[in-house]
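Chain by chain, the residues run as shown.
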Amino acid sequence: MHSKRASPGRRVIAAAVCAALLIPSNVASASPHPQAQATTPATTAAAVKIPNDQLDSLVAPIALYPDPLLAQVLAASTYPLEIIQLQQWMSKHPDLKGEALAAAVEKENWDPSVQGLAALPDVVKRLGDDIKWTADLGNAFLAQQSDVMDAVQRMRKKASTAGNLKTTEQQKVTTQVVQTKEVIVIQQANPQVIYVPAYNPVVVYGPPIYPYPPIYYPPPGYYAAGVAIGFGVGIAMGAFWGGGWGYGPRWGYGSVNINVNNRYVNHYNRYNNVNRYGGNWNHNPAHRGGTPYGDRNTANRYGGTTRGDSAATRQASARQNSGASARTQPAAGANRAGASPATSSAGANRGAAGAGGDRVGNRNIPSSSQGSSRNGNAFGGASSSRPSSSAAGRSSQRGSASVGASRARSGGGGGGRRR
């Protein structure tokens, strides 16, 4: 494969996106994860933990998503540049539907959590159009994963207490006890049909203590009379549902699990030969694309940069991640459907460097690759699996893949297109 120089237009878009993500956030810097690397002398000051009222407002726009979709959005939010790439790619391929869309996005060099969103244009638009909020959400999730999951439950409890969260023909809402914690579980009524709930947080939860994110919310006329949550047209997941949902919350443990049978997770594991046997979701810094992390401790843990770093430091980190990406690129021909895992190069990322195509930030947009894989069982709902040793997982600078396995029961997710 040959590489192609980035077009001036793409360089301008990349610069604009990176500049937006470098603007200081309104959300406080998060605390280090218990498994974070030791800080250097320059980073001895402890990061400030995001308070609960801010976390509540941050998760408010997605807290009522069905469990599998919620978990996937949280994982994908840690890769904001890839979400922008996906949004741009979808705008260039509006005619792709069903299996053709599922197979085409599988060839792109993105994290499985991002690839799997291609079936849900409304969700991609929400995340891409409001990329600053998306990046803040991802940064909070990386630094305080358990706290973010608790915030989701607090907001679900508020909506339920107000009488605005209940079982409908689109979703099933239940209360369960997991690891002594009482949690509200939301699953889609039909595991293979997905609806994205639309709602205004002020209406559903009540006035916030800390302001809700200043992003788009449907106007009052969108909802049926007397209904606080609206649903668009259900989308049959079809090919995207192969192997079941890829992600699910582990309520009671404060983490997210991975279903290795999911089409995109399975494909990623098959050709990268990493963590194929189970565990929690792990962030893969090789797919971060040079986006700064929310605080120094998280940046240290994943070998990245933070907003306060100099341009030279950010560029050096970007080159390092790009090099790691190149070192873990699959061997030629490894992405053919049905190829044996033994034919792929070891590593955690299908290489971005050296692949044909344009670039966004320091990331290549490959012009082509091959591959397809699907297997398995449904995935979602409340998890009763044993806790793993880390909620956010460990990751090297080469990037351990966002993979793992679910012991969760079959469940649902949600999604749909607004009319």
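In this report, we go over the structure that sits alongside the text. Just so it is clear, the structure is predicted and the values come from calculations on it, not from any experiment. Here, residues in each chain are numbered from 1, in the same order as that chain's written sequence. Only residues with pLDDT of at least 70 get local features here, since the model is predicted, and only at 80 or more are side-chain atom pairs given and counted; chain-wide, interface and lining totals rely on the full set of residues. Values shown for side chains rest on all heavy atoms present in the structure; no hydrogens or waters enter the calculation.

### Some points on the overall build of the chain
The condition is simple: Comment: elements are numbered from the N terminus, with helices defined as DSSP H or I runs of at least four residues and strands as E runs of at least two. Think of it in three bands: with a 1.4 Å probe and only protein chains considered, a residue is buried below 20% of the maximum accessible area for its type, exposed above 50%, and partly exposed in between. Contacts were defined at the residue level, with two residues in contact if any of their heavy atoms lie within 4.5 Å. Here, Shrake-Rupley sampling with a 1.4 Å probe gives the accessible areas, and only protein chains in the shown set may cover a residue.
Of regular secondary structure, the chain possesses 13 helices and 11 strands. In the chain, buried positions account for 59% of the 419 residues. Nonlocal contacts in the chain, meaning residues at least 24 apart in sequence, comprise 77% of its contacts between residues at least 6 apart. Carbon and sulfur atoms provide 54% of the accessible area of the chain, an area that totals close to 16100 Å².

### Looking at the packing of helix H2 (residues 52-59) against helix H8 (residues 131-143)
The angle between the axes and the distance between the axes are what describe a pair of packed helices. The line we're drawing: Helix axes are fitted to C-alpha atoms over the stretch in contact, other axes to C-alpha atoms as well, and angles between N-to-C directions run from 0 to 180 degrees. When an angle is under 35 degrees it counts as roughly parallel; over 145 it counts as roughly antiparallel; between 65 and 115 it counts as roughly perpendicular; any other value is oblique. Crossing chirality is assigned from the near helix's rotation relative to the far helix, an anticlockwise turn below a right angle marking it left-handed and a clockwise turn marking it right-handed. Three categories are distinguished: nonpolar for Ala, Val, Leu, Ile, Met, Phe, Trp, Tyr, Cys and Pro, charged for Asp, Glu, Lys and Arg, and polar for the others, with Gly belonging to the last.
At their nearest, the axes of H2 and H8 sit 10 Å apart, and the two run at 130° to each other. With respect to their mutual orientation, H2 and H8 come out oblique. Crossing geometry of H2 relative to H8 is assigned as left-handed. Of the residues in H8, those touching H2 at Leu-55, Leu-58 and Val-59 are Trp-133, Asp-136, Leu-137 and Ala-140. Of the residues contributing to the contact of H2 with H8, the split by class is six nonpolar, no polar and one charged.

### A few points about unusual backbone geometry
Despite not being glycine, Gln-179 shows a phi value in the positive range, around 50°. Examined against the element boundaries, Gln-179 turns out to sit in the loop between strand S1 (171-178) and strand S2 (181-188). At Thr-180, a position not held by glycine, the phi torsion is positive, near 70°. Residue placement: Thr-180 occurs in the loop between S1 and S2.

### Points about the nonpolar core
For clarity, the cut-off: Joining through side-chain atoms within 4.5 Å is the link that ties buried Ala, Val, Leu, Ile, Met, Phe, Trp, Tyr and Cys residues into a set, and such a set is a nonpolar core.
Core analysis: the largest hydrophobic core is formed by 76 residues, its most contacted members being Leu-69, Leu-86, Leu-117, Leu-120, Tyr-205 and Trp-281. A total of seven residues in this core trace back to one element, the largest contributor, which is helix H3 (residues 67-76). Among residues more than four places away in sequence, those in contact with Tyr-205 are Ala-60, Ala-63, Leu-64, Met-155, Lys-158, Ala-159, Tyr-199 and Tyr-212.

### Quick word on the pattern of salt bridges
Convention followed: The salt bridge criterion pairs a side-chain nitrogen of Lys or Arg with a carboxyl oxygen of Asp or Glu, the two atoms within 4 Å.
The final tally for this structure, using the stated rule, is seven salt bridges. Where Asp-130 meets Arg-126, a salt bridge forms, and the shortest distance between an N and an O atom there is 3.9 Å. This pair shows no difference in class: Asp-130 is buried, exactly as Arg-126 is.

### With respect to the pairing of S1
Worth spelling out the cut-off: One requirement defines pairing of two strands: DSSP has to find at least two bridges between them.
Alignment of S1 against S2, held across eight bridges, turns out to be antiparallel. Residue pairing in the sheet places Thr-174 in a bridge with Val-185 of S2. In this structure, the hairpin formed by S1 and S2 is closed by a connection of two residues, where Gln-179 is found at a positive phi of approximately 50°.

### Overview of the packing of aromatic side chains
Which entries qualify depends on this criterion: Only Phe, Tyr and Trp rings take part, Trp by its six-membered ring, and two of them pair if their centres are within 6.5 Å. Stacked means planes under 30 degrees apart, edge-to-face means over 60, and tilted covers everything else.
Inspection of every chain in the model, using the stated rule, returns six aromatic pairs. Taking 6.0 Å as the distance between ring centres and 90° as the angle between the ring planes, the aromatic pair formed by Tyr-199 and Tyr-205 counts as edge-to-face. A relative accessible area of 4% places Tyr-199 in the buried class. Between Tyr-293 and Tyr-302 the ring centres are 5.6 Å apart and the planes differ by 25°, which places this aromatic pair in the stacked class. Classification of Tyr-293 as buried rests on a relative accessible area of 2%.

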